2 protein chains.
Amino acid sequence: MPPEKNVASFPGLLLKKGKIKEQFYGVIKELILSGQLQAGRKLPSSRTFSEMMSISRNSVLSGLERLTDEGYLVAKRGSGTYVAAVVPDDVIGIKPAAPDKQTGGETHSPDVNPQTQVMKQLWQETLPHSGQNLTFNIGVGCSDLFPHELWGRLLGRTWRQFRHQDGRLNEAMGYRPLRRAISDYVRTTRGLHCTEEQILIVSGTQQAMNLAAQVLLQKGDEVWLDEPGYDGALGVFTAMGAKIRPVIGDQHGMDIAYGIRHWPLAKLIFTSPSHQFPLGGTLSLSRRMALLDWAAENDAWIFEDDYNSEFRYTAQPIQALQGLDRHQRVIYAGTFSKMMFPGFHLGFLVVPENLAEHFKIAKYYADTRTSYLEQTILATFIAEEHYARHVRRVRKACHERQRVMTEAIQRYLPEIVGVEPSDSGIHLVCWLSEDIEESTMIEHCRKAGLGAQPLSRYCQTRPEKQAILFGFAAHSPEDIVAGIRKLAQQMAKE
Amino acid sequence: MPPEKNVASFPGLLLKKGKIKEQFYGVIKELILSGQLQAGRKLPSSRTFSEMMSISRNSVLSGLERLTDEGYLVAKRGSGTYVAAVVPDDVIGIKPAAPDKQTGGETHSPDVNPQTQVMKQLWQETLPHSGQNLTFNIGVGCSDLFPHELWGRLLGRTWRQFRHQDGRLNEAMGYRPLRRAISDYVRTTRGLHCTEEQILIVSGTQQAMNLAAQVLLQKGDEVWLDEPGYDGALGVFTAMGAKIRPVIGDQHGMDIAYGIRHWPLAKLIFTSPSHQFPLGGTLSLSRRMALLDWAAENDAWIFEDDYNSEFRYTAQPIQALQGLDRHQRVIYAGTFSKMMFPGFHLGFLVVPENLAEHFKIAKYYADTRTSYLEQTILATFIAEEHYARHVRRVRKACHERQRVMTEAIQRYLPEIVGVEPSDSGIHLVCWLSEDIEESTMIEHCRKAGLGAQPLSRYCQTRPEKQAILFGFAAHSPEDIVAGIRKLAQQMAKE
């Protein structure tokens, strides 16, 4: 088979204007990673590439050189360029990616969008781990500290004053007094630059991501996700047919340079800079600036999931990406579910001014608008400063609960070899001894009634080390110690 | 240019297995309607079509003959087949269809999904008409009759009993006691066949349509919509890239035979059989059976929007399509917004058993789950039979309000030449005299503070006659008469 045969399927991918060099690089890498260009396969000559794709030979040579440097290709003197037998370590082991694959139809569900099978697979891979309402489940805030009676009084008052004819309840962007309260709050506490016209009330972060995907992305666009990262984001972007690009991180958050080097064509960066989920790194200022500069130059969008920004205990918070951005590339998402209680589904987006109408329209056609009642109560709750008081109280309690859990783990669970309090967040990452398997540990947890989560649940690539995650925010110090001891006893039994 | 040139772009469309004859017919018609095959253009010979597309000549001849019969093509003896200069009346005037078009990027909103521009256009064409909270706006039920105090008491009770740890609040399908209450209710009142396992709680019909589109459709699939029809549906299916196929109707609802004749390849039928929106026809039993049979044979899905089924005054209701279906082809959607009050965003889907998991997953990745509070109160409201009592009361009041409005219009507004009470629904269709333009009439309404809607807002094709729609349900008989008189006075002024 002549090598030119390979080329036939390339040109369709070279649709965007500009940046030919990077696109060529990206296309070839994509074909290698997806297995369409198999290990050992000989590539066409640079001249052939250049002619068939109508691009300059320089672009081809530069791309091939880079891929060779990075270990994807091997150049054999006098013979040509071949796909490497082993692709670089840090990308190997990517699960057979959900997006581009169509699984065979099942007999139960004939004739549905093939993407639904992909989603089902994703759901099955992640959801069975979620032990609902179990002790130490993650993603749950201090629901026991929620001012239940105060909220009940506001509920009663709001309902008595409620007029069905209030036109402010009909706005697709959300109830204006709430948008104003949120806008004031995030400007003060998170350093955002925005007005209430940029605030869109949504039913939570999951919907926020959906709207952003709908407005900003087309099928096949590349999206960076934290690796490990949030499975809800993986679900949204997979459902819309994006190509998921896992980007690793460290204690300074997402490794922006890694992302730029590996996935330079990305259209959207999904990141949680205040607290990288789930490992907890805070994106450093220099990385923030690098990301913003790169996004502006490359017309990429940044989705800033400001997850956990209010659960910060020690180090000073860093200003949100949205506030640092000078090029209108950031879509900022905040949520109230963690700070209030699970079941309270309300969040918000802060969008660039010139996108506000697009987001409003997407929201309108998605579900018209978010339910009025919680919007109106929350507006009062924030405006009357109950919210700020609640945040202070929760922060203090959470810090203490984190300390108590850390100490209990260190004392009772020798199988956990690494755990330390984090600057922020509502769960602890507990690194396991090499003597125990993650799955065994999770099994012990389930038997002890604990909803801990395995780190692997959040990984697209094979993680280097094994860990489990314990949520600590929702329990009193006594219950935390009791839970950890129960697990220790359970493990001693077997 | 040789005629074969035309053919190059066809084969890609012939992807589905089976029904080659109908597909050929559909593809050619599509190219004519979209303007890709222009009036007067000569078609390739049947032999050429047959060879280029690798289909039998019989399929080609049969398709060409049918298109000629229907007036899309003209056969000239001894010369060949041409695209007709004027395409058939009932499809002419389709607005430059939103779906397939990419409008040029605007300077404000660079680099977004091109589909968002299409949505913006759609929004701008329909939304400016919606006079929010004006008297006689449509789609609003008897919000003045809502048992405000009773609901407030249930709200207080529910909140006092509310436990944040209640696992039933975490189910993506919705709060189980509510699903049970709804399942019992629709089985009794609407003749549905279902269990609570098939009920999915959503935030309203808009979200219901979105989930169905996501699970069932792929970009480019054909969807029948009522013509005129519901603009919210048009928005959802356009946003997901479906091809909209307008199907006309009459007093017996959607003209199923017309739909089958014109758009035999449709993947989804969106219809409101209890009360065709906005004209009010009720889908006859024979048409229901014809639609169900056809859908089963052709693997098409039916989305039954049971809009207004509870606002029925005179004739007996007909059993829902879902209850008549024996082939699991119907997705049934109900809403509580109209019966309760605007701002109360809660609805439900009844889905075929074998699709329940797909819908659950779509809902989970769309917005995790619907907010808990209204679900829990509504469950009690239905279970304690407050809901059934409220429906009876509303139905009686609405019937009276419809009568009062009909008489007031007949008495005070000679410009309206046709108005008669309908068996069901919460608005009146008022046909205009030929002496006045719809837009003029709407302008008068706006000046008089009335939120009437022009029929053309709901039309994909040019309507034969002009009409405006008045919502009557939200106002007392006195206010109805006062509103109509105010409009009459306003018109007399100019």
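Below you will find a few notes about this structure.

Conventions used here
Residues numbered from 1 in each chain as written. Chains lettered and ligands numbered in written order. Predicted model: local features only at pLDDT ≥ 70, side-chain atom pairs only at ≥ 80, totals over all residues. Heavy atoms only, no water. Pairing = 2+ DSSP bridges. Helix = DSSP H or I, 4+ residues; strand = E, 2+ residues; numbered from the N terminus. Contact = heavy atoms within 4.5 Å. Axes fitted to C-alpha atoms, helices over the stretch in contact; angles between N-to-C directions. Buried area = accessible area lost by both parts, 1.4 Å probe. Salt bridge = Lys/Arg side-chain N within 4 Å of Asp/Glu carboxyl O. Polar contact = N/O pair within 3.5 Å; in protein donor to acceptor, adjacent residues only side chain to side chain. Least-squares fit on C-alpha atoms with pLDDT ≥ 70 in both. Buried < 20%, exposed > 50% of the residue type's maximum accessible area, 1.4 Å probe, protein only. Phe/Tyr/Trp six-rings, centres within 6.5 Å; stacked < 30°, edge-to-face > 60°. Lys NZ or Arg CZ within 6 Å of the ring centre and 35° of its normal. Left-handed = near helix turned anticlockwise from the far one by under 90°. Nonpolar A, V, L, I, M, F, W, Y, C, P; charged D, E, K, R; others polar.

Residues and elements named next belong to chain B. Taken in spatial order, the four strands line up as S11-S12-S14-S13 in an open sheet, and their pairing is antiparallel. A strand with exactly one partner marks an edge of an open sheet, and here the two such strands are strand S11 (416–418) and strand S13 (453–454). With five bridges joining them, strand S12 (residues 427–432) and strand S14 (residues 467–471) adopt antiparallel strand pairing. Across the sheet, the residue bridging to leucine 428 is phenylalanine 470, located in S14.

We now examine the sheet that holds strand S5 (residues 243–250) of chain B. All names here are of chain B. Spatially, the eight strands line up as an open sheet ordered S3-S10-S9-S8-S7-S4-S5-S6, and their pairing is mixed. Each having just a single partner strand, strand S3 (199–202) and strand S6 (253–254) make up the two edges of the open sheet. Strand direction decides the pairing type here: strand S7 (residues 268–271) and strand S8 (residues 301–305), joined by four bridges, are parallel. Each residue of the ladder has a partner; that of leucine 268, found in S8, is tryptophan 301. Each of S3, strand S9 (330–335) and strand S10 (347–350) touches helix H7 (residues 176–190); the most contacted strand, S3, lies at about 110° to it. Along the sheet, helix H8 (residues 205–216) contacts S3, S7, S8, S9 and S10; its crossing angle with S8, the most-contacted strand, is approximately 175°.

Between chain B and chain A, the contact holds 69 residues from the first and 69 residues from the second. Both faces considered, chain B and chain A share a buried interface measuring about 6,200 Å² in area, 55% of it formed by carbon and sulfur atoms. Ranking the residues of chain B by area buried against chain A places Trp123, Trp159 and Tyr365 of chain B at the top, with a combined share of 13%. Counting across the chain B and chain A interface gives two salt bridges. Notably, a salt bridge pairs lysine 120 of chain A with glutamate 357 of chain B, separated by 3.6 Å at the nearest N-O pair. On the surface where chain B and chain A come into contact, there are 20 residue pairs in polar contact (both at pLDDT 80 or more).

Superposing chain B onto chain A takes a rotation of 180° combined with a translation of 0.0 Å along the rotation axis, leaving an RMSD of 0.2 Å. The superposition of one copy onto the other is thereby described by a two-fold rotation axis. The C-alpha atom lying nearest the rotation axis in chain B is that of glycine 156 of chain B; the distance is 3.3 Å.

Following glutamate 227 of chain B, the chain continues to proline 228 of chain B via a peptide bond in cis, the omega torsion being -5°. In this structure, proline 228 of chain B sits in the loop between strand S4 (222–227) and helix H9 (231–239). In this model, phenylalanine 277 of chain B is joined to proline 278 of chain B through a cis peptide bond whose omega is 0°. Looking at the secondary structure, you find proline 278 of chain B in the loop between S7 and helix H11 (285–298). For asparagine 308 of chain A, which is not a glycine, the phi torsion comes out positive at approximately 70°. Assessed through its relative accessible area of 5%, asparagine 308 of chain A is described here as buried. Even without being glycine, glutamine 328 of chain A reaches a positive phi, approximately 55°.

A few words on the packing of aromatic side chains. This structure, assessed with the given rule, holds 54 aromatic pairs over all chains. Pairing tryptophan 159 of chain A with phenylalanine 341 of chain B gives two aromatic rings, centres 5.8 Å apart and planes at 50°, and the pair type is tilted. Linking tryptophan 159 of chain A in helix H6 (residues 148–161) with phenylalanine 341 of chain B in the loop between S9 and S10, this pair reaches from one chain into another. The class for tryptophan 159 of chain A is buried, based on a relative accessible area of 3%. The ring of tryptophan 301 of chain A is capped by arginine 329 of chain A, whose NZ or CZ atom sits 3.8 Å from the centre of that ring.

Further remarks concern the packing of H7 of chain B against helix H14 (residues 372–383) of chain B. Think of two packed helices as two axes; the pair is described by the angle between the axes and how far apart they sit. Residues and elements named next belong to chain B. Where H7 meets H14, the closest approach of the two axes is 8 Å, and the angle between their N-to-C directions is 40°. Here H7 and H14 pass one another in a crossing that is left-handed. Each of Pro177, Leu178, Ala181 and Ile182 in H7 lies in contact with H14, whose residues at this interface are Gln375, Leu378, Ala379 and Ile382. For the contact of H7 with H14, the per-class residue count stands at seven nonpolar, one polar and no charged.

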